[in-house]
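Spelled out from the first residue to the last, the chains are:
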Amino acid sequence: MDTYKFLLDLALILLSTKVLGLVSRKFFMPQVVGALLAGLILGPGVLDVISQTDFINKTAEVGVIVLMYCAGMETDVQELKKSGKASVVIALMGVIIPLAGGYAVAMFFNRPGLIETNAACSVFLQNIFIGVILTATSVSITVEALKELGKLKTRAGNAILGAAVIDDILGIIALTVITSLADSSVKVWVVLLKIAGFFVAVIAAGFLFYQFFTRWSRKSEKGMRRHVIVSFVFCLLMAYMAEDFFGVADITGAYLAGVIISLTIKKDYIMSRFDTLSYLYLSPIFFASIGIKAALPKMSYAVVVFSVILTIVAILTKMAGCGLGAKLCRYDNDQALQIGVGMISRGEVALIVANKGEALGLMDQYLMGPIVIVVIITTIIAPILLKPVFRKG
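Residues numbered from 1 in each chain as written. Predicted model: local features only at pLDDT ≥ 70, side-chain atom pairs only at ≥ 80, totals over all residues. Heavy atoms only, no water.

Thoughts on the overall build of the protein chain
1) Next: Within the protein chain, the secondary structure is distributed over 16 helices and zero strands.
2) Next: Oriented by its inertia axes, the alpha-carbon framework of the protein chain measures out at about 70 × 50 × 45 Å.
3) Next: A buried classification covers 54% of the 393 residues belonging to the protein chain.
4) Next: Restricting the contact set of the protein chain to residue pairs at least 6 apart, pairs at least 24 apart contribute 80%. (Helix = DSSP H or I, 4+ residues; strand = E, 2+ residues; numbered from the N terminus. Buried < 20%, exposed > 50% of the residue type's maximum accessible area, 1.4 Å probe, protein only. Contact = heavy atoms within 4.5 Å.)

Here it is as structure tokens:
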């Protein structure tokens, strides 16, 4: 009978995310907040009705790929070009300041008498790694909230998307550098070469696909569904290429595939089909899966205090770093605040980085609880704060 439990899990996720999404809207919050809470309530952290399964994890992965693919299709390419330099500065400041803040908090708590860890590497590397975790950004939560608010195509929305892509690259570099210090088999120059190769491959693949798809679309006005299927195949291949060949996040490949599709004449039709698929099935599972993963281990008083302070620092340093970067690039105060808030969410990205660090001996399992708390709070608070800051702007 357990073979079919995934059907019950699916029914519970779809129903609870919709119900709590409507409740969230009643309290003037984006519905994505309700979806996140639904996963948290159903998961091991509260009711323990649903646990992580391979089905949920894989479906959630497809869900976030489709979500970022749709975000790419909705991107204003001309505005993205204008915000290109600004996105680099915003992402850079959004990495440096959280890295310094996370290191400072870890340095204060990670010592005898407060928190004593048993990680294989030095205390210095452990503290730096906590900072690296705080550099992560999970823009998928922000994307859904901005779509719901109708603000994805704004100047601030495009800056957030551009900065998030660059933030992903900078995060990979930071993780590689700290990993190479703990593991001599990891070479920084190889990673940098792969990242450069990724963008060359995207430009080449994007140009070829655009030429093929544009000519084919003009010749084949009938059979519109074929265009949707071919475009989705392109998205999946780009996501696979990014992750498997170049070590870049699959959502980055999916987002850039969406940007390429946004330049074609079939963009609106394709986007309408994927919006339905995402809303009906994939997005609820993705957002609920984040809550389901959030199971807190037992923590001492010192670790709880560390968790609270680390969470506050995680929120403020992203807002300050990205907001300062936006101001340096001549965004007004409202837009700088919007960009800073839009980059707060750490989501599943921080968990992935933390798990990788734990496997390499860069972080003690004892510190996983604080990271989970940071992920939960930043993921929930980001969409809550987005509505008032965009309304104000």
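So, the packing of helix 7 (residues 139–149) against helix 12 (residues 267–293)
Two packed helices can be described by the angle between their axes and the distance between those axes.
1) Next: Running from amino to carboxyl end, helix 7 crosses helix 12 at an angle of 135°, the nearest separation of the two axes being 12 Å. The pairing of helix 7 with helix 12 is recorded here as oblique in orientation. Two packed elements cross with a definite hand, and for helix 7 against helix 12 that hand is left-handed. On helix 12, the residues touching S140, I141, E144 and K147 of helix 7 are D275, S283, F286, F287 and I290. (Axes fitted to C-alpha atoms, helices over the stretch in contact; angles between N-to-C directions. Parallel < 35°, antiparallel > 145°, perpendicular 65-115°, else oblique. Left-handed = near helix turned anticlockwise from the far one by under 90°.)

Details of the pattern of salt bridges
1) Next: The final tally for this structure, using the stated rule, is six salt bridges.
2) Next: Note that D54 and K58 form a salt bridge whose closest N and O atoms lie 3.0 Å from each other. On the criterion of helical spacing, the pair formed by D54 and K58 is a turn pair, its members being four residues apart in helix 3 (residues 54–73).
3) Next: Taking the relative accessible area as the measure of exposure, D54 reaches 53% and is therefore exposed. (Salt bridge = Lys/Arg side-chain N within 4 Å of Asp/Glu carboxyl O.)

Examining helix 14 (residues 333–342)
In an α-helix, one turn spans 3.6 residues; hence positions three or four apart end up facing the same way.
1) Next: In terms of residue burial, helix 14 counts as a mostly covered element, since seven of its ten residues are buried.
2) Next: All of the buried residues in helix 14 are Q335, A336, Q338, I339, G340, V341 and G342.
3) Next: The N-cap residue of helix 14 is D332: its side-chain oxygen and the backbone nitrogen of D334 are 3.1 Å apart. (Polar contact = N/O pair within 3.5 Å; in protein donor to acceptor, adjacent residues only side chain to side chain.)

Some thoughts on unusual backbone geometry
1) Next: For D48, which is not glycine, the phi torsion reads 60° and is therefore positive.
2) Next: Position of D48 among the secondary structure elements: in the loop between helix 2 (31–42) and helix 3.

Here's the deal with the packing of aromatic side chains
One pair of aromatic rings is described through two measures. These are the centre distance and the angle between the planes.
1) Next: Throughout the structure, instances matching the rule amount to 15 aromatic pairs.
2) Next: Considering the side-chain rings of F286 and F287, the 5.0 Å spacing of their centres and the 55° angle between planes classify their relative orientation as tilted. Both residues of the pair, F286 and F287, count as buried.
3) Next: One aromatic cluster is present, formed by F209, F212, F213, W216 and F234 through successive ring pairs.
4) Next: In this structure, R155 packs its charged tip against the face of Y331, placed 3.9 Å from the ring centre. (Phe/Tyr/Trp six-rings, centres within 6.5 Å; stacked < 30°, edge-to-face > 60°. Lys NZ or Arg CZ within 6 Å of the ring centre and 35° of its normal.)

What about the nonpolar core?
1) Next: If you look at the biggest cluster of nonpolar residues, it comprises 123 residues, and the most contacted ones within it are I90, F129, I133, Y255, I339, M363 and I371.
2) Next: At twelve residues, helix 8 (residues 155–182) tops the list of elements feeding residues into this core.
3) Next: Setting aside its immediate chain neighbours within four residues, Y255 contacts M68, A71, G72, T75, L80, L161 and V165. (Core = buried A, V, L, I, M, F, W, Y, C linked by side-chain atoms within 4.5 Å.)

Considering the environment of M368
1) Next: Looking at the secondary structure, you find M368 in helix 16 (residues 368–392).
2) Next: Separated by 61 residues in the primary sequence, M368 and S307 have C-alpha atoms spaced 9.8 Å apart.

A look at the layout of surface pockets
Unoccupied space between atoms shows up once a probe the size of one water molecule is rolled over them.
1) Next: Each pocket or cavity is described by its volume, and for the largest pocket that value is around 1,300 Å³.
2) Next: Lining the largest pocket are 49 residues, with E243, A249, V349, I352 and V353 sitting closest to its centre.
3) Next: Taken together, the elements giving at least two residues each to the lining of the largest pocket come down to helix 3, helix 8, helix 9 (188–219), helix 10 (224–246), helix 11 (250–261), helix 12, helix 15 (347–359) and helix 16.
4) Next: Of the residues forming the lining of the largest pocket, the biggest block, ten residues, is contributed by helix 8.
5) Next: Residue classes in the lining of the largest pocket are distributed as 27 nonpolar, twelve polar and ten charged.
6) Next: Space inside the second largest pocket adds up to approximately 620 Å³.
7) Next: Along the walls of the second largest pocket sit 20 residues, with L80, V202, I203, L256 and V259 positioned nearest its centre. (1 Å grid on protein atoms, 1.4 Å probe; cavity = no way out; pocket = protein on both sides within 12 Å on 5 of 7 lines; lining within 4 Å. Points joined across faces, edges and corners; volume = space filled by probe spheres on them. Nonpolar A, V, L, I, M, F, W, Y, C, P; charged D, E, K, R; others polar.)

Quick word on a nonpolar patch on the surface
1) Next: Among the surface-exposed residues, L37, I41, V46, L47 and V49 lie close enough to one another that they form a single nonpolar patch of about 390 Å² accessible area.
2) Next: Note that V46 resides in the loop between helix 2 and helix 3. (Patch = residues over 30% accessible without salt bridge, like charges linked within 9 Å, V, L, I, M, F, W, Y side chains within 5 Å. Areas by Shrake-Rupley, 256 points an atom, 1.4 Å probe, with all protein chains shown as cover.)

Topic: helix 7
1) Next: Within helix 7, eight of the eleven residues are buried, which leaves it mostly tucked inside the rest of the structure.
2) Next: All buried positions along helix 7 are accounted for by V139, S140, I141, T142, V143, E144, A145 and L146.
3) Next: Just downstream of helix 7 lies G150, where phi reads positive at about 70°.

Some details on the environment of N57
1) Next: You can see N57 is positioned in helix 3.
2) Next: We classify N57 as partly exposed; its relative accessible area is 29%.
3) Next: Ignoring anything within four residues of it in the chain, the contact list for N57 reads Q52 and K293.

What about the environment of I133?
1) Next: Along the polypeptide, I133 turns up in helix 6 (residues 123–134).
2) Next: You can call I133 buried: its relative accessible area is 1%.
3) Next: In this structure the C-alpha to C-alpha distance between I133 and S180, which are 47 residues apart in sequence, comes to 16 Å.

Quick look at the confidence of the model for the protein chain
1) Next: Scored by pLDDT, the protein chain comes out at a mean of 86, with 94% of its residues at no less than 70.
2) Next: Per-element confidence in the protein chain is highest for helix 14, whose mean pLDDT is 94, and lowest for helix 15, whose mean pLDDT is 73. (pLDDT = per-residue confidence, 0-100.)

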